Amino acid sequence: MKEKAKQKEILRQIPSVDKILNWPELNEYLQTIEHTHLTSIIRYKIDDFRQNLITGKKLNLHHLKQSIIQEIGELINPYFCYAINAIGIVLHTGLGRAPFSQGIDDIVYIVSKGYSRLQIDEQGRRADRYKKINQLLQILTGAEAGFFVNNNAAATLLILNTIAKGKEVIVSRGQLIEIGGSFRIPEIMAQSGAIMREVGTTNRTHLRDYEGAINDETAALLRVHQSNYRISGFTKEVPLHELVELGKKYKIPVIDDLGSGALIDFSKYGLPKEPMVQESIETGADVVCFSGDKLIAGPQSGIIVGKKEYIEKMKKNPLTRALRCDKLTNAVLEATLQLLLMKEEILMKKHGVFNILLKPLVDIKTQAKKCAHMLHKYSTKMDISVKEAVSEIGGGSLSTEQLPTFVVALKPKTMKVDDLARSLRQYHIPIFGRVSEDTLLLDFRTVLKNEEKIIAEAFDEILKNK
Ligand SMILES: *Cc1c(COP(=O)(O)O)cnc(C)c1O
């Protein structure tokens, strides 16, 4: 009963919107934010507060004040911002997958300065916005033609819709994958209007399975890179060259969804072999698609390369208009593909992903030690050590593989490890690590050059009163 009376008293004391607008803490916002918007935030937070009180949460007016100030702050500050990946997953979707390559920030800036050239020629006539990227993709992959849409899911949808709407597409049961974030081959197939003909079993599919399923309604043979899982043991997949031969025999196009789509042979550098786009084209796949923001390190996009007749048909599909990318994506993709024309020793320094995958273990260790050294002054507040560990590639690329790395392991003594991890995520440059038992691990494979300094500064702020 006492609680109820207290609650009633607080409800009665909730200040009016006008009173709140006079809080000195809101003065700065009152000068800049449109009055109606400011009042609607306040109203909405008051309603929230009232609801929470009624449902029995123990709150006081100080909480209301805090929540209003925090809400306005969050609303006008960017959520999408530069952040530090100390998780150690190279292609982390939550952190924007691949980091862009060196020099891309300049491109983004230049395109954002004013109007930008997107699809207009020297005579002032409307031009083909895909022309330049088509040219780059031809040279890089050896394909007859290339273009791109919003992401690889969109690319798959568009390819199937263009080539196989209302017809059958044959695919192995071992390749009916789901990629994180609800991309599932059977669902994309259904949305495209194509009819899926599954063949083989989960672990083994033979050429004769494909051949046996071919009929007058067959419009394509689809191969999907398994990306984020491996079937091991008693297995069989039909290699692309056999599918291509079969396709030729029956005059049926072969579609190859590569997922991450490497343009560089990583196996040369001791990394596991990832299927390369050039190889698919050379083998004779009619249409090949892959993500722009996985191993390519470009913007979110789905790149399609292959035979000109299919690419031209796709460009004319009305879906293409719905799936097309904006000017920033065009500019960043162009610059990323231009960089990929360069010699590998240049790429090694500049390319967003190459850089991280091939980062020498000694450099990772040096960087981790540098960070640990800067944090040494906090050794009364946490145990600090540098340890060997493994990073993941992620993003459905070489993803069952693990890379050796070094981590700074931090075991706080004056606060909970989860609170420390959260404080780092809330820093003005958010820092993401991984918590294992009661230790925070900062993985230096994915921490970029000089970011250890930012990490140390974050600790200065977080630990100053702890
Ligand atoms: C990642 C992936 C996709 C989805 O690509 P998005 O660019 O995320 O849409 C599709 N197929 C395969 C095989 C993949 O690995």
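This write-up is about the structure you can find in this document. (Residues numbered from 1 in each chain as written. Predicted model: local features only at pLDDT ≥ 70, side-chain atom pairs only at ≥ 80, totals over all residues. Heavy atoms only, no water.)

### Some details on the nonpolar core
Worth spelling out the cut-off: We call a set of buried Ala, Val, Leu, Ile, Met, Phe, Trp, Tyr and Cys residues a nonpolar core when their side-chain atoms join them within 4.5 Å. Only protein chains enter the accessibility calculation, which uses a 1.4 Å probe; a residue is then buried when its area is under 20% of its type maximum, exposed when over 50%, and partly exposed in between. Elements are defined by DSSP. Helices are runs of H or I of four residues or more, strands are runs of E of two residues or more, and each kind is numbered from the N terminus. Those domain boundaries reflect an automatic or database domain assignment.
Membership of the largest hydrophobic core comes to 85 residues, with the highest contact counts inside it found for Ile 304, Val 305 and Leu 357. It is helix 8 (residues 152-164) that provides the largest number of residues to this core, a total of eight residues. When residues of this core are assigned to domains, at least three map to each of domain 2 (84-94 + 357-463) and domain 3 (102-344). Among the nonpolar cores identified, the runner-up in size contains 31 residues, and Ile 364, Ala 372, Leu 440 and Ile 454 belong to it.

### Examining the packing of aromatic side chains
The following threshold applies: Centres within 6.5 Å make a pair out of two Phe, Tyr or Trp rings, where for Trp the six-membered ring is used; the pair is then stacked when the planes are under 30 degrees apart, edge-to-face when over 60, and tilted otherwise. Lysine NZ or arginine CZ positioned within 6 Å of the ring centre and within 35 degrees of the ring normal marks a charge as sitting over the ring.
All chains considered together, the criterion is met by five aromatic pairs. Residues Tyr 130 and Phe 147 carry aromatic rings whose centres are separated by 5.1 Å and whose planes lie at 85 degrees to one another, so their mutual orientation is edge-to-face. Of this pair, Tyr 130 sits in the loop between helix 6 (104-112) and helix 7 (131-141) while Phe 147 sits in strand 2 (residues 145-149), placing them 17 residues apart in sequence. For the pair Tyr 130 and Phe 147, a shared accessibility class is recorded, and that class is buried. An aromatic cluster of three or more residues is present, and its members are Tyr 130, Phe 147 and Phe 148. The ring centre of Phe 234 lies 3.7 Å from the NZ or CZ of Arg 204, which sits over that ring.

### Focus: the pattern of salt bridges
Using the following cut-off: What counts as a salt bridge is simple: a side-chain nitrogen of Lys or Arg found within 4 Å of a carboxyl oxygen of Asp or Glu.
Tallied over the full model, the rule gives 25 salt bridges. The partner of Lys 45 in a salt bridge is Asp 48, and the shortest N-O contact between them spans 3.7 Å. Residue Lys 45 and its partner Asp 48 are located together in helix 4 (residues 35-54), separated by three residues, close to a single helical turn. On the accessibility criterion, Lys 45 (10% relative accessible area) is buried. Residue Asp 48 is classed as partly exposed on the basis of its relative accessible area, which comes to 32%. In this structure, the salt-bridge partner of Arg 434 is Asp 443, at a minimum N-O distance of 3.1 Å. By relative accessible area, which is 23% here, Arg 434 ends up partly exposed. Among the ionic contacts, a cluster of salt bridges with common partners joins Lys 45, Asp 48 and Glu 71.

### Remarks on the sheet that holds strand 11 (residues 382-392)
Selection rule: When DSSP finds two or more bridges between a pair of strands, those strands are recorded as paired. Axes here refer to lines fitted to C-alpha atoms; in helices the fit is confined to the stretch in contact. Angles between the N-to-C directions go from 0 to 180 degrees. Two residues qualify as a contact provided that any one of their heavy atoms is within 4.5 Å of a heavy atom in the partner residue.
Here four strands make up an open sheet; going across it, the order is 11-12-15-14 and the pairing antiparallel. Each of the sheet's edge strands pairs with one partner strand only, and the pair in question is strand 11 and strand 14 (434-436). In this sheet, adjacent strand axes meet at a mean angle of 35 degrees when their direction is disregarded. Where strand 14 meets strand 15 (residues 439-443), three bridges bridge the pair, whose relative direction is antiparallel. Directly across from Ser 436, in strand 15, lies its bridge partner Thr 439. The strands touched by helix 18 (residues 361-375) are strand 11 and strand 12 (402-412); relative to strand 12, the strand with the most contacts, the crossing angle is about 10 degrees.

### A few points about the packing of helix 8 against helix 9 (residues 185-192)
To keep it simple, the criterion reads: These descriptions rest on fixed angle ranges, namely under 35 degrees for roughly parallel, over 145 for roughly antiparallel, 65 to 115 for roughly perpendicular, and the rest for oblique. Working rule for handedness: look at the near helix, and if it is turned counterclockwise from the far one by less than a right angle, call the crossing left-handed; if clockwise, right-handed. Lys, Arg, Asp and Glu make up the charged group, whereas Ala, Val, Leu, Ile, Met, Phe, Trp, Tyr, Cys and Pro make up the nonpolar group; the residues left over, Gly among them, are polar.
For the pair helix 8 and helix 9, interaxial distance at closest approach is 8 Å and the crossing angle is 45 degrees. With respect to helix 9, the element helix 8 is oriented oblique. Both helix 8 and helix 9 take part in a crossing whose hand is right-handed. Touching Ala 153, Thr 156, Leu 157, Leu 160 and Asn 161 of helix 8 are Ile 188, Met 189, Gln 191 and Ser 192, all from helix 9. Each residue belonging to the contact of helix 8 with helix 9 can be placed in one class, and the counts come to five nonpolar, four polar and no charged.

### Re the pairing of strand 10 (residues 302-306)
Judged by how many residues are buried, strand 10 sits mostly within the fold: five of five residues are covered. Alternating residues of strand 10 divide into Gly 302, Ile 304 and Gly 306 and Ile 303 and Val 305, and every residue in both groups is buried. Bridge count for strand 2 against strand 10 is five bridges, and the pairing is antiparallel. Within the sheet, the bridge partner assigned to Ala 145 lies in strand 10 and is Gly 306.

### Brief notes about the site of the ligand
Put simply, the rule reads: Any residue with a heavy atom lying within 4 Å of a molecule or strand is counted as near it. In protein, a polar contact means a hydrogen-donor-capable atom and an acceptor-capable atom, both N or O and within 3.5 Å, with residues adjacent in sequence counting only if both atoms are side-chain atoms; elsewhere, any N or O pair within 3.5 Å suffices.
Surrounding the ligand, one finds 14 residues, the nearest of these being Arg 97, Ala 153, Ser 227, Ser 291 and Lys 294. Within the contact set of the ligand, an oxygen atom lies 2.8 Å away from a side-chain nitrogen or oxygen of Arg 97. In this structure, an oxygen atom belonging to the ligand sits 2.7 Å away from a side-chain N or O atom of Ser 291. Partitioning the shell around the ligand into residue classes produces five nonpolar, six polar and three charged.

### Describing the side chain of Asp 443
If you trace the backbone, Asp 443 turns up in strand 15. Residue classification places Asp 443 among the buried residues on the basis of a relative accessible area of 0%. There is a polar contact of 2.7 Å between the side chain of Asp 443 and the side chain of Thr 405. Among the polar contacts listed, one links the side chain of Asp 443 to the backbone nitrogen of Arg 445, at a separation of 2.9 Å. Filtering out sequence-adjacent residues up to four positions away, Asp 443 remains in contact with Asn 85, Ala 86, Ile 87, Gly 88, Val 390, Ser 391, Thr 405, Phe 406, Val 407 and Arg 434.

### Concerning the sheet that holds strand 7 (residues 218-224)
The strand order across the open sheet formed by seven strands is 2-10-9-8-7-3-6, and the pairing between neighbours is mixed. A strand with exactly one partner marks an edge of an open sheet, and here the two such strands are strand 2 and strand 6 (195-199). Going from strand to strand, the sheet's axes swing by 25 degrees on average, the running direction of each strand aside. Taken together, the five bridges between strand 3 (residues 168-172) and strand 6 define a ladder with parallel strand orientation.

### Considerations on helix 5 (residues 61-76)
Threshold: Helices are assigned an expected span. That span is 1.5 Å times one less than the residue count.
Helix length check: helix 5, at 16 residues, gives a terminal C-alpha distance of 23 Å against a target of 22 Å (1.5 Å per residue), a fit within 8%. Listing the buried residues of helix 5 in full gives Leu 64, Ile 68, Glu 71, Ile 72 and Gly 73. N-capping of helix 5 is provided by Asn 60, with a side-chain oxygen placed 3.0 Å from the backbone N of His 62.

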